[in-house]
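One letter stands for each residue in the lines below.
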Amino acid sequence: ISDFFDMDVLIQILTDWSTATGIGIIAVDEKGEYMMDPIGWKDFCMKYTRGTKEGLRRCVNGDQEGQGVYFCHAGLIDFTADIKIGDHFIGKLVGGQVLPQPPDEEHFRNLAVELGIDPDEYIEALQDITVRTEEEIRASAKLLDEVVRFFNDSLIDLLIVPELVAKSPTSFATTLNPFPNSPALAASIEAFKESSPVCFEIFAMSWLIEVISSMPA
């Protein structure tokens, strides 16, 4: 994933998404390896469940094999959004650690005993898990999927730029610099980039897609 994405930009976008939804998230590459520190993960998962050998094994297995919207081994809802270039899978985002209704404490006490965790501490940590309606969870998953789809489409277009340059270098250069004699406009664009790099990155990707689609074949 890091070969294709600006990870700093991706992490900032995912941090904003997690803050807005109250849901945790992480990126996993095509080999199932974690590509970034988790964002918005709770102690219930990080400190307690993954703090045991068996809990960690189950969690990692779920992150690697889970698809769509599903319940993890502990009973929380997780969901994924695949990152692809065309049909080639290069990784996915795994969001979740959320409940669709108030937790069944008996279930989690039994799980704590099974994993060798102090049940009272486990239940206390459970209280910090985000509770959302099923509709809100699916809306969060859909939003994440839309973000990934945007990046997927951007990657496809960015990867064909060298071919377009080879076909029509003059046209490409003119299109990318439509106002060569406008230093004021260039300064405004640079100021936008410096003041809001994440927004600029998204804007630039969208603009480049439009540029490429309008170029002569």
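These figures come from a predicted structure and were not determined experimentally.

Brief notes about the pairing of strand E3 (residues 77–85)
Burial runs high along E3: seven of the nine residues are buried. Two strands pair when backbone bridges link them, and strand E2 (residues 69–71) and E3 are joined in this way by three bridges, in the antiparallel orientation. Bridge assignment links phenylalanine 71 to a residue of E3, and that residue is isoleucine 77. Counting the residues that bridge the hairpin from E2 to E3 gives five residues, and of these glycine 75 lies at a positive phi of roughly 105 degrees.

Describing the packing of aromatic side chains
If you walk through the whole model with that rule in mind, you get five aromatic pairs. Where tryptophan 17 meets phenylalanine 79, the ring centres are 6.2 Å apart and the plane angle is 80 degrees; that geometry is what we call edge-to-face. Remark: phenylalanine 79 occurs in strand E3 and tryptophan 17 occurs in helix H1 (residues 7–21); sequence separation between them is 62 residues. You can call phenylalanine 79 buried: its relative accessible area is 1%. When the ring of phenylalanine 44 is compared with that of tyrosine 122, the centres are 4.4 Å apart and the planes differ by 20 degrees; the resulting orientation is stacked. Residue phenylalanine 44 is located in helix H2 (residues 43–49), and its partner tyrosine 122 is located in helix H5 (residues 119–126); the two are separated by 78 residues in the primary sequence.

Description of the side chain of serine 18
By secondary structure assignment, the location of serine 18 is in helix H1. Among the polar contacts made by the side chain of serine 18, one reaches the main-chain carbonyl oxygen of isoleucine 23 at a distance of 2.7 Å. In this structure serine 18 touches Ile23, Gly24, Ile39 and Gly40, once residues within four positions along its chain are discounted.

Details of the nonpolar core
Residues Leu14, Ile25, Phe79, Leu93 and Leu144 are the most contacted members of the largest nonpolar core, which totals 26 residues. A total of five residues in this core trace back to one element, the largest contributor, which is E3. Each residue touching leucine 14, except ones within four places of it in the same chain, is listed here: Ile25, Met36, Ile39, Leu93 and Leu144. Membership of the second largest hydrophobic core comes to 17 residues, among which are Phe44, Cys72, Ile123 and Ala125.

Criteria and cut-off values
- Residues numbered from 1 in each chain as written.
- Predicted model: local features only at pLDDT ≥ 70, side-chain atom pairs only at ≥ 80, totals over all residues.
- Heavy atoms only, no water.
- Buried < 20%, exposed > 50% of the residue type's maximum accessible area, 1.4 Å probe, protein only.
- Helix = DSSP H or I, 4+ residues; strand = E, 2+ residues; numbered from the N terminus.
- Pairing = 2+ DSSP bridges.
- Phe/Tyr/Trp six-rings, centres within 6.5 Å; stacked < 30°, edge-to-face > 60°.
- Polar contact = N/O pair within 3.5 Å; in protein donor to acceptor, adjacent residues only side chain to side chain.
- Contact = heavy atoms within 4.5 Å.
- Core = buried A, V, L, I, M, F, W, Y, C linked by side-chain atoms within 4.5 Å.

These figures come from the coordinates and say nothing about function on their own.
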